[in-house]
Amino acid sequence: MWQIDEDALESISIGAGILGTGGGGNPYIGMLRARELVREHGPVNVLDLDELPDDSRVICVGGMGAPTVGVEKVRGTESYRAVRAIEKHTGERATALISGEIGGSNSLEPVIPASLARLPVVDGDGMGRAFPELQMTTFFIYGLPPTPSAVCDEKGNTAIIEDAVSATWVERMARAVTIVMGCAPVFAFAPMTAADVRRTAIPGTLSLARSLGEAVRRAQREKGNPIDAILATVPGRVLFHGKIVDVERRTTEGFARGRVTIEGTGDDAGAQLVVDFQNENLVAQRGGALIATVPDLICIVDAERGEPITTELLRYGFRVSVLGFPAPPLLRTPEALAVVGPEAFGYQAVYAPLER
Amino acid sequence: MSDTGTRAVGLEEDAKALRVGVDVGGTNTDAVLMAGRRVLRKAKTATTPDVTTGIVRALEGVLAEGGGQPAQAEIQAVMLGTTHFMNALLEGRGLARTAVVRLCGPATRLLPPFCDWPEALRAAVGGHSYLLPGGHEFDGREITGFDDDAVREAARDALANGVEAVALCGVFSPVNPAHESQAAELIRQESPDVSLSLSSEIGRVGLLERENAAALNAALSRIAARAVDAIRGALADMGLDVPVFFSQNDGTLMDAEYAARYPVLAMSSGPTNSMRGAAFLAGIEDAVVVDVGGTSTDVGILVQGFPRAASTAVKLAEVRTNFRMPDLISIALGGGSIVRREPLELGPSSVGARITEEAIVFGGSTLTATDLAVAAERAEIGEPARARTLDAELVERGLAEVRRRVEQAVDRVKLSADPLPLVLVGGGSVLVADRLAGASEVLRPEHAEVANAIGAAIAQVGGEVEKVYSLERVGRLEALAAAKQEALRQATEAGAQPDGVEVVEVEEVPLTYLPGNATRIRVKAVGELGGHRLT
């Protein structure tokens, strides 16, 4: 067990940004919200999957809606109400909370209800990175029921989705409610058992985000190389070093799609890397050849500071390092690839695992 | 869109009516006297602690120097660029006791006003806040209804606590500012003296950053009002009975009353004026501007005559804001940068203003970047013979390093790989070669040392709109047309001549994860100052 204190919050928010693979929203507001509560109620305990008591009831929470709205109508303690709503509906008390998505702003959402309810959070999540939709969490890919689920806004409104034929339908219905609620609600799902969580959650991702953030902060402080620091923390490799020479964007069906072209420098001089994104970075091609695809993590970071660059901030002239991290094993199975593999995002490509 | 000359094309080549531009920098206060596009006189004086004295001296420099004083009637306006309010924030002195009234209903309460401020600054302004009913959704619906009584009660409580300035911030006020205006009206009824800052007039979407900007503005309101009065008084004492304008961060003007109310809008006008002045002098609208000072070099990019704005959060006195500041890359390299031999290193330390004593060409013993430029016969400064003894290889390697770093910065600010004209300004510009990678040509315009004051003198009047539209409901072209109309109206209201106003910037940012094609549209329009046009 370890604890999330103010310092850990700062590190997690940087690490979660890197694991956001270009999307997932800016963790800054989430960090501030959690910090308010940690300052008031003290640090929050974090449990490994192994440390979860067998009779645990674990509730997954996260924010829904548009990141642009989330920075204006900043969320409060709605996720605490969402947890209580699920408890009321199921008659079961939560004993721990877990994030649905470690990448970006949702990484710290469970810390808010955990602080208020004096519950621990689980060191893990349902994506190991960021993805755009609910059905892309490993909990649902591996068959846990997504209902009942609760969607709560800041006004005191709660919608319960009693039943749905699939996680995709929960996503659709929740999204309709999200818009009525003004695009910054939170959700919570039916409690999971300890066995459920051990079987389906991506383990250790909160610690990973913290270590990544610590490594970057230490490198910045000691004027070291943050890229080396990142790679010493997470197994992965540099896919490319270079300079952004073109960014092309378009928006379809509410998703920010686009493509960034990077011209190689140093060892990669003379080569080009093209990364396609749809909120998150999905596919990287070097000279037309696929070198990394979703669900493996493709992270674009500032070459000097090691800080993540989200897809909306990509711009000509940035010196970047493109890092590739193998996706956790739970995202590489046939069941997972059917939902989060390259084909699920409309690519003809067959998933070729990125090796270390 | 015009493709000739700079955006100041409205100015005539030469004109009888005169304009004065003044820039108050950290070290120098510069002034220029312009007739149309022509620079008649220029002056450089030291900035004084009270600011006003330096302004008066600079003005005397351009108005009294040589050929006698021009007839007062011929001077149409004085344009001032000043960043001096920044010091008040950094020192935390003279700040008004400030309250924030946030109109939010049940939303956003977990993160109260001032929540991420440095403790000392928060204490210096008092840090009172009120979270009241109101605010809007992204699509303009009310979060909760506005509550007159709650606002009145808050106003009375604030006044009882000695609050002198109030910042008003409604959730999504850039989309719908109605609640902020209503609250302002009610507070004014409670106390006509309290200074009011409306966040919707200052910042963009991003609640905390916009609210912070409004609160900083409120805190500066007393100082700003005094400074504006002092400057106007000083001009009156000089017999200059002319309108005074202040240049804003985005390169457009505001009148003195507005500047007294919204000082934060002037806080980063310095770099903007310098870049706009450079473009004007070189006669180009799209260019890279390299401003080489004594200690550092700023590299920025002009798009249609205006500096491109940074997209990331800008911190003022350690407070996050979301102003549109020019997107500059600063490198620690200037004319006074100290050169170390083995291994070769230039900067970041600099002899700064002591260059005239410490540099080799001035008989000193410190090797500076300027000495290298003189040794390479790029400039005649001090006693050039002293630099001739420098090792040729060292000079070559040092200047190659200057070139490499400037080229890298130039490349980073550019939007595409296409070469652009590059305008060099600033006292240290002799360091930079006439050919640079990424530059189609390198221009060194005359009067470049007072580019910032010229930037102030040629500033125009603007209007800016930012709203979220559901393009499924209104259609993209209709939404764009509505936003443009609003921006043009605002520019005209701000004093631009209606016939000359044009849209100079349109930005569309689709909001992800939202169906209905919700898109944030921002439009900026500018025009020549009406009634003061130099004809």
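Residues numbered from 1 in each chain as written. Chains lettered and ligands numbered in written order. Predicted model: local features only at pLDDT ≥ 70, side-chain atom pairs only at ≥ 80, totals over all residues. Heavy atoms only, no water.

Asks: Help me understand the overall build of chain A in this model?
Replies: Within chain A, the secondary structure is distributed over 11 helices and 17 strands. Whereas a compact globule of 356 residues would reach a radius of gyration of roughly 21 Å, chain A reaches 19 Å, a difference of no more than 12%. In terms of overall dimensions, chain A has C-alpha extents of about 60 × 45 × 40 Å along its principal axes. Relative to its 356 residues, chain A shows a buried fraction of 63%. Pairs at least 24 apart in sequence give 72% of the contacts found in chain A among residues at least 6 apart. Distance between charge centroids for chain A: 3 Å, based on 34 positive and 45 negative side chains. (Helix = DSSP H or I, 4+ residues; strand = E, 2+ residues; numbered from the N terminus. Rg over C-alpha atoms; globule rule 2.2 N^0.38 Å. Buried < 20%, exposed > 50% of the residue type's maximum accessible area, 1.4 Å probe, protein only. Contact = heavy atoms within 4.5 Å. Lys, Arg positive; Asp, Glu negative; His and termini not counted. Charge placed at Lys NZ, Arg CZ, Asp CG, Glu CD.)

Asks: Got a minute to help me understand the interface of chain A and chain B in this structure?
Replies: Size of an interface: often given as the accessible area lost when the parts come together. Contacts between chain A and chain B engage 44 residues on the former and 42 residues on the latter. For the pair chain A and chain B, the summed buried surface comes to about 3700 Å²; carbon and sulfur atoms form 58% of the total. The largest per-residue losses of area from chain A upon contact with chain B belong to Glu72(A), Arg315(A) and Tyr316(A), which jointly make up 20% of the total buried on that side. Here chain A is connected to chain B by six salt bridges. Linking Lys73(A) and Glu137(B) is a salt bridge whose minimum nitrogen-to-oxygen distance equals 2.7 Å. For the pair chain A and chain B, the number of links is 14 residue pairs in polar contact (both at pLDDT 80 or more). Those elements that place two or more of their residues in the side of chain A that touches chain B are α2 (28-41), α3 (67-70), α7 (167-180), β11 (237-252) and β12 (255-264) of chain A. Counting residues per element, the side of chain A that touches chain B draws most heavily on α2(A), at eight residues. Classifying every residue of the side of chain A that touches chain B by side-chain character gives 19 nonpolar, 10 polar and 15 charged. (Buried area = accessible area lost by both parts, 1.4 Å probe. Salt bridge = Lys/Arg side-chain N within 4 Å of Asp/Glu carboxyl O. Polar contact = N/O pair within 3.5 Å; in protein donor to acceptor, adjacent residues only side chain to side chain. Nonpolar A, V, L, I, M, F, W, Y, C, P; charged D, E, K, R; others polar.)

Asks: Please explain the domain arrangement of chain A as it appears in this structure.
Replies: Residue and element names in this part refer to chain A. Structurally, chain A comprises domain 1 (2-203) and domain 2 (235-345). Placing the centre of domain 1 and that of domain 2 at their C-alpha centroids yields a distance of 26 Å. Each side of the interface is counted separately: domain 1 has 25 residues, and domain 2 has 26 residues. A combined buried area of about 2000 Å² lies between domain 1 and domain 2, and 72% of that area is made up of carbon and sulfur atoms. Our enumeration of links across domain 1 and domain 2 arrives at zero salt bridges. Linking domain 1 with domain 2 are seven residue pairs in polar contact (both at pLDDT 80 or more), by the criterion used here. Looking at the side of domain 1 that touches domain 2 element by element, the count peaks at four residues for helix α1 (residues 6-19). Among the residues making up the side of domain 1 that touches domain 2, the classes are represented as 12 nonpolar, 10 polar and three charged. (Domains from an automatic or database assignment.)

Asks: Where do I start with helix α9 (residues 205-221) of chain A in this structure?
Replies: Structural remark: α-helix, 3.6 residues per turn; residues separated by three or four positions point the same way. Residue and element names in this part refer to chain A. For α9, spanning 17 residues, the distance from its first C-alpha to its last is 24 Å, which sits close to the expected 24 Å at 1.5 Å a residue. What α9 keeps buried is the set Thr205, Leu206, Ser207, Ala209, Leu212, Gly213, Ala215, Val216, Arg217 and Ala219. Elements that come into contact with the buried residues of α9 comprise β1 (2-4), α1, β2 (44-47), β5 (121-125), β10 (202-203) and α10 (226-233). (Expected span 1.5 Å × (residues − 1).)

Asks: Explain the nonpolar core to me, please; I cannot follow it from the model alone.
Replies: The nonpolar side chains of a soluble globular protein tend to be buried with one another. By size, the foremost hydrophobic cluster in this structure holds 84 residues, and its most contacted members are Val20(B), Val22(B), Leu168(B), Ile187(B), Leu220(B) and Phe246(B). Considering every element that reaches this core, the biggest residue donor is helix α6 (residues 207-237) of chain B, with 13 residues. Ile187(B) has contacts with Val101(B), Val151(B), Ala155(B), Val166(B), Leu168(B), Val194(B) and Leu196(B), leaving out every residue within four places of it along the chain. If you look at the next biggest cluster of nonpolar residues, it comprises 67 residues, including Ala114(A), Leu206(A), Leu323(A) and Cys104(B). (Core = buried A, V, L, I, M, F, W, Y, C linked by side-chain atoms within 4.5 Å.)

Asks: So what exactly am I meant to see when it comes to the packing of helix α1 (residues 52-64) of chain B against α6(B) here?
Replies: Two measures define how a pair of helices packs: the angle their axes make with one another and the distance between the axes. All names here are of chain B. Packing of α1 against α6 brings their axes to within 10 Å, and their N-to-C directions diverge by 35°. In this structure, the crossing between α1 and α6 has a hand that is right-handed. Residue-level inspection shows Thr52, Ile55, Val56 and Leu59 of α1 in contact with α6, the latter providing Ala230, Ile231, Ala234 and Leu235. Residues of the contact of α1 with α6, tallied by class, amount to seven nonpolar, one polar and no charged. (Axes fitted to C-alpha atoms, helices over the stretch in contact; angles between N-to-C directions. Left-handed = near helix turned anticlockwise from the far one by under 90°.)

Asks: It is not clear to me how the packing of α1(A) against α9(A) should be interpreted in this structure. Could you clarify?
Replies: Residues and elements named next belong to chain A. Running from amino to carboxyl end, α1 crosses α9 at an angle of 95°, the nearest separation of the two axes being 6 Å. Classified by the angle between their axes, α1 and α9 sit roughly perpendicular to one another. Only Thr205, Leu206, Leu208, Ala209, Arg210, Leu212, Gly213, Glu214, Val216 and Arg217 of α9 make contact with α1, whose side of the interface consists of Asp7, Ala8, Glu10, Ser11, Ile12, Ile14, Gly15, Ala16, Ile18 and Leu19. For the contact of α1 with α9, the per-class residue count stands at 11 nonpolar, four polar and five charged. (Parallel < 35°, antiparallel > 145°, perpendicular 65-115°, else oblique.)

Asks: I would appreciate a short explanation of the side chain of Arg41(B) in the present structure.
Replies: Residue and element names in this part refer to chain B. Following the sequence through the fold, Arg41 ends up in strand β3 (residues 38-46). The class for Arg41 is buried, based on a relative accessible area of 16%. A distance of 2.9 Å separates a polar side-chain atom of Arg41 from the backbone oxygen of Val62.

Asks: I keep staring at the packing of aromatic side chains and nothing clicks. Help me out?
Replies: When we look at a pair of aromatic rings, we describe it by the centre distance and by the angle of the planes. Inspection of every chain in the model, using the stated rule, returns six aromatic pairs over all chains. A ring pair is formed by Phe139(A) and Phe140(A), whose centres lie 6.5 Å apart and whose planes are at 75°; its orientation type is edge-to-face. Judged by its relative accessible area of 1%, Phe139(A) falls in the buried class. Geometrically, the ring pair formed by Tyr258(B) and Tyr262(B) is tilted, given 4.9 Å between the ring centres and 40° between the ring planes. For Tyr262(B), a relative accessible area of 0% translates into the label buried. What links up through ring pairs into an aromatic cluster is the set Phe139(A), Phe140(A), Phe187(A) and Phe189(A). Above the ring of Tyr28(A), the side-chain terminus of Arg320(B) is found at 3.6 Å from the ring centroid. When the ring centre of Phe306(B) is taken as origin, the NZ or CZ atom of Lys524(B), which lies over that ring, is 4.4 Å away. (Phe/Tyr/Trp six-rings, centres within 6.5 Å; stacked < 30°, edge-to-face > 60°. Lys NZ or Arg CZ within 6 Å of the ring centre and 35° of its normal.)

Asks: Just checking my understanding: could you explain a nonpolar patch on the surface for this structure?
Replies: All names here are of chain A. Side chains of Val165, Trp169 and Met173 sit close together on the surface and give an oily, nonpolar patch of about 310 Å² of accessible area. Position of Val165 among the secondary structure elements: in the loop between β7 (158-161) and α7. Since its relative accessible area comes to 76%, Val165 is described here as exposed. (Patch = residues over 30% accessible without salt bridge, like charges linked within 9 Å, V, L, I, M, F, W, Y side chains within 5 Å. Areas by Shrake-Rupley, 256 points an atom, 1.4 Å probe, with all protein chains shown as cover.)

Asks: Before we go on, may I ask you to explain a negative patch on the surface in this structure?
Replies: All names here are of chain B. There is a patch of like negative charges on the surface, built from Asp147, Asp148, Glu153 and Asp157. For Glu153, the location among the structural elements is in helix α4 (residues 148-160). On the accessibility criterion, Glu153 (59% relative accessible area) is exposed.

Asks: Help me understand the sheet that holds strand β7 (residues 165-170) of chain B in this model?
Replies: As a general point, the strands of a sheet are linked pairwise by backbone hydrogen bonds and lie either parallel or antiparallel. All names here are of chain B. Ordered in space as β6-β5-β7-β8, the four strands form an open sheet in which the pairing is parallel. The open sheet is flanked by β6 (128-132) and β8 (195-198), the only strands paired with a single partner. For this sheet, the mean inter-axis angle between neighbouring strands, taken without regard to orientation, is 20°. Note that strand β5 (residues 98-103) and β7 share six bridges and pair parallel. Considered in β7, the bridge of Val101 is made with Leu168. On the sheet, helix α5 (residues 178-190) packs against β5, β7 and β8 and is oriented at approximately 155° with respect to β7. Together, β5, β7 and β8 form the strand contacts of α6, whose direction differs from that of β7 by roughly 165°. (Pairing = 2+ DSSP bridges.)

Asks: Would you mind going over the side chain of Ser321(A) with me for this structure?
Replies: All names here are of chain A. Mapped onto the elements, Ser321 comes out in strand β17 (residues 319-325). Among the polar contacts listed, one links the side chain of Ser321 to the side chain of His241, at a separation of 2.9 Å. Setting aside residues up to four positions removed in sequence, Ser321 forms contacts with Ile227, Phe240, His241, Cys299, Ile300, Val301 and Ala303.

Asks: Sorry, what's going on with the pattern of salt bridges here?
Replies: Two side chains of opposite charge can pair, provided their charged atoms sit close to one another. One pass over the structure, following the stated rule, counts 45 salt bridges over all chains. Here Glu342(B) makes a salt bridge to Arg397(B), at a shortest N to O gap of 3.7 Å. Taken as a pair, Glu342(B) in the loop between β17 (337-340) and β18 (345-350) and Arg397(B) in helix α12 (residues 392-413) lie far apart in primary sequence, 55 residues in all. Look at the salt bridges and you will find they share partners, linking Lys73(A), Asp153(A), Glu154(A), Lys155(A) and Glu137(B) into a network.

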